[in-house]
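Single-letter residue listing:
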Amino acid sequence: MNEAALLSVFEAAHQLALKHQRPVVAVSSRPAPNLDPLVLYETHRQGFFWCAHSPGLALFGLGCAWQIEATGPQRLAEVNRHWFALCADAVIDGAHPPLLLGGMRFDTQQPCAPHWAPFADASFHLAQWLLSEDRDGRWLRCQCVVEPGSDPAALARASVAAHQQLFASPRSLASHPEVIERTALPAPQWQAKVANALQAIDSGELSKVVLARHIEYQLDAALDSGAVMRRLHERRNSSHLFALHRAGSCFMGATPERLLSCREGHLSTHALAGSARRAPTSEEDQQVGAGLLADPKELHEHQLVVQTILQGLSGIVSDLQAATRPELLKLATVQHLSSPISARLVEGCSLLDGIQALHPTPAVGGLPAATAMAFIRRHEGFDRGWYAAPVGWLDARGNGDFLVALRSALMTPLHCHLFAGCGIVQGSRPADEYEETQIKLASMEQALHLAPR
Ligand SMILES: C=C(O[C@H]1C=CC=C(C(=O)O)[C@@H]1O)C(=O)O
């Protein structure tokens, strides 16, 4: 990237910042055919990595040019306001608008566990350097926020210096970490929680609740998040990959669930609930899949999610359409029922309004939503943090994509936390639900290479 070209973009933004007396975003993009988002993430093990399909997009963001954090249940509305105010006078050199990356806590009312402390209620970054790869090729964006008191020349110099960092060689990490201790609620105790949920369902208090498990590994050295992501990428099947770093910790996952994506006002999502294992032979696997498609308990659990997504979106969209029957979504260790849903955003509404309307869907919370959230807070016994919450990106044109952060792990320097849950409805059996969490945990455990000593 050329310092003089950046300087002219930053100077134009500075003029606007002075005129309006507020910060202005500047972005400049160039083709970068020789850079690969996954290779850069493996090298740096920092920032933000993203690899989603349909539509296919990979991102790697390094450095933070601007941070938007917000707390409380209205955090998304605050992020939305802040972002679009920042982008109102954006100076865009090239075809690519500024793009914000981040995520949020599952539940702002749950007290925050110390290991989740670096992950705010909602936390989004404008990466200083952002590499994207999609059907239009690979593009590198330099993103910057210019304030009335900024020195555009100093900002251009700092951006060029940070650009050199992109090409730094990988830091070596200690060899493979050993597990010192694995802590998890024993199966009978977790199954007792499921039995408790079933009682609440029988009494009519709830019709569905998603209960999750938390497994904590204490390690003798840090995990290499780049190598873990490489392994997730090799076996990603129908999963979308993400990794976000905050203060020495990394939250990463390979999730099958998209919460909502928006392209030029067109929204797409799917209801995802109802699960079965993958079988070793294709014949047996087809039988398991056919059984899942015909299982009344799984179909009921799934249908509750379809109906709730349709209701949630109805106030902010037109042309709302859902598949009439679910299809199978096959992952490495598990297969799910999935029903595609599409709609158009109405004028004046944004993608984050859609996220606010949908989160938490009954695929991760339950029904009625508030009762299920209260049940989870009271009975689950750990802080979900960003697990099962939306993570994603949003650009200055209102396009964006958010996933539900399932099949995920939080890596702190000497600990690793894994999460997996399942929907409990009438007819659920505690032992089967436990088994389901085991197969959901398996892909992340395999990628982490965590084996007890
Ligand atoms: C809550 C999780 O999965 C959800 C998504 C798909 C299928 C689910 C199920 O069948 O129970 C869950 O609702 C998880 O993976 O931690």
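Reading guide: rules and limits
Residues numbered from 1 in each chain as written. Predicted model: local features only at pLDDT ≥ 70, side-chain atom pairs only at ≥ 80, totals over all residues. Heavy atoms only, no water. Buried < 20%, exposed > 50% of the residue type's maximum accessible area, 1.4 Å probe, protein only. Helix = DSSP H or I, 4+ residues; strand = E, 2+ residues; numbered from the N terminus. Pairing = 2+ DSSP bridges. Core = buried A, V, L, I, M, F, W, Y, C linked by side-chain atoms within 4.5 Å. Domains from an automatic or database assignment. Contact = heavy atoms within 4.5 Å. Expected span 1.5 Å × (residues − 1). Near = heavy atom within 4 Å. Polar contact = N/O pair within 3.5 Å; in protein donor to acceptor, adjacent residues only side chain to side chain. Areas by Shrake-Rupley, 256 points an atom, 1.4 Å probe, with all protein chains shown as cover. UniProt positions renumbered as here; feature names shortened; annotations may be inferred. Phe/Tyr/Trp six-rings, centres within 6.5 Å; stacked < 30°, edge-to-face > 60°. Lys NZ or Arg CZ within 6 Å of the ring centre and 35° of its normal.

## Notes on the pairing of strand β11 (residues 249–255)
For step 1, the next point in the chain: With 7 of 7 residues buried, β11 is to be regarded as a mostly interior element.
For step 2, the next point in the chain: Neither face of β11 is left uncovered, since the one carrying Ser249, Phe251, Gly253 and Thr255 and the one carrying Cys250, Met252 and Ala254 both have all their residues buried.
For step 3, the next point in the chain: Looking at chain direction, strand β10 (residues 240–246) and β11 are connected through 7 bridges and run antiparallel. Paired with Ala243 across the bridge in β11 is Met252.
For step 4, the next point in the chain: Here β10 folds back onto β11, and the loop between the two strands holds 2 residues, one of which, Ala247, carries a positive phi near 45°.

## Considering the nonpolar core
For step 1, the next point in the chain: Trp50, Leu59, Trp83 and Phe251 are the most contacted members of the largest nonpolar core, which has 71 residues in total.
For step 2, the next point in the chain: Taken domain by domain, this core gets at least three of its residues from each of domain 1 (3–166) and domain 2 (179–448).
For step 3, the next point in the chain: For Trp50, the contacting residues outside a window of four places in its chain are Leu57, Ala58, Leu59, Leu241, Phe242, Val391, Gly392, Trp393, Asp401 and Leu403.
For step 4, the next point in the chain: The next biggest cluster of nonpolar side chains, apart from the first, holds 50 residues, and it includes Phe60, Leu62, Val146 and Leu223.

## Some thoughts on helix α11 (residues 430–448)
For step 1, the next point in the chain: Between the first and last C-alpha of α11 there are 27 Å, a value that for 19 residues agrees with the 27 Å anticipated at 1.5 Å per step.
For step 2, the next point in the chain: By the burial criterion, the buried members of α11 are Glu433, Tyr434, Glu436, Thr437, Ile439, Lys440, Leu441, Ala442, Met444, Ala447 and Leu448.
For step 3, the next point in the chain: Looking one or two residues beyond α11, the residue adopting positive phi is His449, at roughly 55°.

## Overview of the site of the ligand
For step 1, the next point in the chain: Neighbouring the ligand are 18 residues; Ser275, Ala363, Tyr387, Arg407 and Gly421 lie closest to it.
For step 2, the next point in the chain: With respect to the ligand, the side chain of Tyr387 contributes an N or O atom lying 2.5 Å from an oxygen atom.
For step 3, the next point in the chain: Between an oxygen atom of the ligand and a main-chain N or O atom of Gly423, the distance comes to 2.8 Å.
For step 4, the next point in the chain: Compared with its free state, where it exposes 390 Å², the ligand has 100% of that area covered by protein.

## Here we look at the UniProt feature "domain: Chorismate-utilising enzyme C-terminal" (unreviewed entry) in the chain
For step 1, the next point in the chain: Feature annotation in UniProt places "domain: Chorismate-utilising enzyme C-terminal" (unreviewed entry) on residues 189–440, given in this structure's numbering.
For step 2, the next point in the chain: Each end of residues 189–440 is marked by a C-alpha atom, and these two atoms are 19 Å apart; helix forms 34% of the span and strand 37%.

## Considerations on the environment of Trp190
For step 1, the next point in the chain: Note that Trp190 resides in helix α5 (residues 187–202).
For step 2, the next point in the chain: By relative accessible area, which is 2% here, Trp190 ends up buried.
For step 3, the next point in the chain: Here the alpha-carbon distance between Trp190 and Leu101, two residues 89 residues apart in the chain, equals 35 Å.

## Quick look at the packing of aromatic side chains
For step 1, the next point in the chain: On inspection of all chains with the given rule, the structure shows 13 aromatic pairs.
For step 2, the next point in the chain: Between the aromatic rings of Trp116 and Phe419, the centroid separation amounts to 5.8 Å while the plane-to-plane angle is 35°, which identifies the pairing as tilted. Linking Trp116 in the loop between β5 (99–104) and β6 (122–134) with Phe419 in strand β21 (residues 415–424), this pair joins segments that are 303 residues apart in sequence. Here Trp116 matches Phe419 in class, with each residue buried.
For step 3, the next point in the chain: Grouping aromatic residues by their ring pairs yields a cluster made of Trp116, Phe119, Phe242, Phe251, Phe382, Trp386, Tyr387 and Phe419.
For step 4, the next point in the chain: One Lys or Arg, Arg384, reaches over the ring of Phe106 and ends 4.4 Å from the middle of that ring.

## Observations regarding the pairing of β10
For step 1, the next point in the chain: Burial within β10 is extensive, with 7 of its 7 residues counted as buried.
For step 2, the next point in the chain: Burial along β10 is two-sided: the face carrying His240, Phe242, Leu244 and Arg246 and the face carrying Leu241, Ala243 and His245 are both buried.
For step 3, the next point in the chain: Across 4 bridges, the pairing between strand β2 (residues 48–52) and β10 is antiparallel. Directly across from Phe48, in β10, lies its bridge partner Leu244.

## So, unusual backbone geometry
For step 1, the next point in the chain: Here Ser54 and Pro55 are connected by a cis peptide whose omega angle stands at 0°.
For step 2, the next point in the chain: Within the secondary structure layout, Pro55 lies in the loop between β2 and β3 (57–70).
For step 3, the next point in the chain: The omega torsion of the bond from Leu367 to Pro368 falls at -10°, within 30 degrees of zero and hence cis.
For step 4, the next point in the chain: Of note, Pro368 is situated in the loop between β17 (366–367) and α10 (369–379).
For step 5, the next point in the chain: For Arg45, which is not glycine, the phi torsion reads 45° and is therefore positive.
For step 6, the next point in the chain: Overall, Arg45 belongs to the buried group, its relative accessible area being 10%.
For step 7, the next point in the chain: Positive phi values are uncommon outside glycine, yet Arg407 reaches one of about 45°.
For step 8, the next point in the chain: Examined against the element boundaries, Arg407 turns out to sit in the loop between β19 (400–404) and β20 (408–412).
For step 9, the next point in the chain: According to the relative accessible area criterion, Arg407 is buried, its value standing at 9%.

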